[in-house]
Amino acid sequence: MNILVTGGAGYIGSHTVRALVNKKHRVVVLDNLSKGHPAAVKEIELVRGDTSDRQLLKRLLTGCNIEAVMHFAASSLVGESVRLPSDYYRNNVVNGLTLLDAAVEAGVRYFVFSSTAAVYGEPIEVPITENHPATPLNPYGATKLALEGAMRWYGEAYGLRYTSLRYFNAAGADPAGDIGEDHEPETHLIPLVMKAALGLIPQLEIFGDDYPTPDGTCVRDYIHVNDLADAHILALEAMAGGAGSNIYNLGNGNGYSVLEVIETAKAVTGSSIPVKYAARRAGDPAVLVAGSERIKDELGWRPAFPGLREIIETAWRWHSNHPGGYEK
Ligand code: UDP
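Residues numbered from 1 in each chain as written. Predicted model: local features only at pLDDT ≥ 70, side-chain atom pairs only at ≥ 80, totals over all residues. Heavy atoms only, no water.

## Concerning the pairing of strand 2 (residues 26-31)
For a regular strand, side-chain orientation follows a simple rule: the groups alternate between the two sheet faces. Extensive coverage of strand 2 is indicated by the burial of five of its six residues. By the bridge criterion, five bridges tie strand 1 (residues 2-6) to strand 2 in an arrangement that is parallel. Residue pairing for strand 2: threonine 6 is matched across the bridge by leucine 30. Note on the crossover from strand 1 through helix 1 (residues 11-22) to strand 2: the handedness is right-handed. Alignment of strand 2 against strand 3 (residues 45-48), held across four bridges, turns out to be parallel. For aspartate 31, the partnering residue across the bridge sits in strand 3 and is arginine 48. (Buried < 20%, exposed > 50% of the residue type's maximum accessible area, 1.4 Å probe, protein only. Helix = DSSP H or I, 4+ residues; strand = E, 2+ residues; numbered from the N terminus. Pairing = 2+ DSSP bridges. Right-handed = clockwise from strand over helix to strand, strands pointing away.)

As structure tokens, then:
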């Protein structure tokens, strides 16, 4: 299939691009390179541009005979979204609508969307299933939920079929070791723990130790980036085989606290990881753990890296071989 991958030079996008190419799909990446890295998509057709550019979208979608869009391009930091809601609504909702409109106009049949566990807000029960109420605690989650709503009604009115994948905490790197997580600035827990293990930052700050969790630090469900990539392909294949639109959670169903992540990283890296306790970060729920039975039952998704240790091992391979990231 001919597939446009927005944000394909980013972390999750680039791992999905690799999985798509391995499956012999033709991929065109659209990325404004505000966060993405050309080195993450070597030998892939990369167009530098923005999802706000309707004319560019039209040219790409029709000129490349695009049948499916995978939409990763978005702003994705919880804390930043609380400070800059305008940026988040513009990039994630307004530009997302521009892309949906262009896709409908060009006759694109399938749309796979990067959504997030942040749509759920503070869970009233865990594990969180897709039927859990969606009441986001931050603009990041709210903007992702807004685009899900649009996709639903676009589907009803215009026939666009979509799958929304609500990721829990994406982590790890391709075991090949040549692509991985490289954000500037880095705010995510596992890459920061890796940097602390390498001595690239003096210490890791732990955001809050008074959450209602066993050790007081936040609990998250970490999922390997290649398992996320596989889910995108399963979603696309299911729609191409006649399945309707759907929403799926993606996590391993196991929660790990910030302290447990640090302990596991110490064991994997053999390094000490100095820590400092800091205030809670705005917009962080105490516990996010996925119920991912729906995608297992309906699409046969099975994680290849279900355990935290193996996820951190692949992250460590990337970070220890690329301590400065892609370009440095
Ligand atoms: N976290 C932390 N220190 C850091 C970065 C993150 O204690 O330097 C915590 C954060 O509060 C959250 C968890 O680690 O509970 C995962 O955060 P991350 O930013 O990796 O992912 P998010 O849950 O925001 O998607």
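Next comes the rest of the description.
## Examining the sheet that holds strand 3
Taken together, seven strands build an open sheet; the order of strands is 3-2-1-4-5-6-11 and the sheet is parallel. Single-partner strands in this sheet number two, and they are strand 3 and strand 11 (246-250). Across the sheet, the mean angle separating the axes of adjacent strands is 20° when strand polarity is ignored. One ladder, built from four bridges, connects strand 4 (residues 68-71) with strand 5 (residues 110-116); its direction is parallel. Bridging from a neighbouring strand, alanine 68 pairs with tyrosine 110 of strand 5. Along the sheet, helix 7 (residues 225-240) contacts strand 1, strand 4, strand 5, strand 6 (161-167) and strand 11; its crossing angle with strand 6, the most-contacted strand, is approximately 160°. (Axes fitted to C-alpha atoms, helices over the stretch in contact; angles between N-to-C directions. Contact = heavy atoms within 4.5 Å.)

## Focus: the site of the ligand
Near the ligand there are 15 residues, and of these Leu189, Glu205, Cys218, Arg281 and Asp284 occur at the shortest range. Contacts to the ligand include glutamate 205, whose backbone N or O atom sits 2.6 Å from a nitrogen atom. Take phenylalanine 207: an N or O atom from its main chain is 2.9 Å from an oxygen atom of the ligand. A total of 510 Å² of accessible area belongs to the ligand in isolation, and the protein chains cover 90% of it. Contributing elements (two or more residues each) for the shell around the ligand: helix 6 (189-197) and strand 8 (204-207). Element by element, the count of residues in the shell around the ligand is highest for strand 8, at four residues. Of the residues assigned to the shell around the ligand, the class counts are eight nonpolar, three polar and four charged. (Near = heavy atom within 4 Å. Polar contact = N/O pair within 3.5 Å; in protein donor to acceptor, adjacent residues only side chain to side chain. Areas by Shrake-Rupley, 256 points an atom, 1.4 Å probe, with all protein chains shown as cover. Nonpolar A, V, L, I, M, F, W, Y, C, P; charged D, E, K, R; others polar.)

## Remarks on the sheet that holds strand 9 (residues 219-220)
Pairing within the open sheet is mixed, and its three strands lie in the order 12-9-14. The sheet is open, and its two borders are formed by strand 12 (256-257) and strand 14 (287-288), each paired with just one other strand. As paired elements, strand 9 and strand 12 share two bridges and run antiparallel to each other. Within strand 12, the position partnered with valine 219 by the bridge is serine 257.

## A few points about the domain arrangement of the protein
If you check the domain split of the protein, you get domain 1 (2-171 + 222-250) and domain 2 (189-220 + 253-321). Computed from C-alpha coordinates alone, the two centres of domain 1 and domain 2 are separated by 23 Å. Residue-level contacts link 33 residues of domain 1 with 30 residues of domain 2. Summing the contributions of domain 1 and of domain 2, the shared interface buries around 2600 Å²; its carbon and sulfur component is 65%. (Domains from an automatic or database assignment. Buried area = accessible area lost by both parts, 1.4 Å probe.)

## Some thoughts on the packing of aromatic side chains
On inspection of all chains with the given rule, the structure shows three aromatic pairs. Ring centres of tyrosine 154 and tyrosine 158 lie 5.2 Å apart, and the angle between their planes is 80°; this geometry places the pair in the edge-to-face category. Here tyrosine 158 and tyrosine 154 lie together in helix 5 (residues 139-158), a separation of four residues that amounts to about one turn. Overall, tyrosine 158 belongs to the exposed group, its relative accessible area being 53%. Here the basic side chain of arginine 280 rests over the ring of tyrosine 211, its NZ or CZ set 3.9 Å away from the ring centre. (Phe/Tyr/Trp six-rings, centres within 6.5 Å; stacked < 30°, edge-to-face > 60°. Lys NZ or Arg CZ within 6 Å of the ring centre and 35° of its normal.)

## Let's talk about the pattern of salt bridges
Two side chains with opposite charge may pair up if their charged atoms get near one another. In this structure the tally under the stated criterion is 14 salt bridges. Aspartate 210 serves as the salt-bridge partner of arginine 280, at 3.0 Å between the closest nitrogen and oxygen. Of this pair, arginine 280 sits in the loop between strand 13 (275-278) and strand 14 while aspartate 210 sits in the loop between strand 8 and strand 9, and the two are 70 residues apart along the sequence. With a closest N to O distance of 3.2 Å, glutamate 263 and lysine 266 form a salt bridge. A residue pair is termed a helical-turn pair when its members lie 3 or 4 positions apart in one helix, as glutamate 263 and lysine 266 do in helix 8 (residues 258-269) at three residues. In this structure glutamate 263 comes out as partly exposed when scored by relative accessible area, which is 47%. On the basis of relative accessibility, which here comes to 31%, the residue lysine 266 falls in the partly exposed class. (Salt bridge = Lys/Arg side-chain N within 4 Å of Asp/Glu carboxyl O.)

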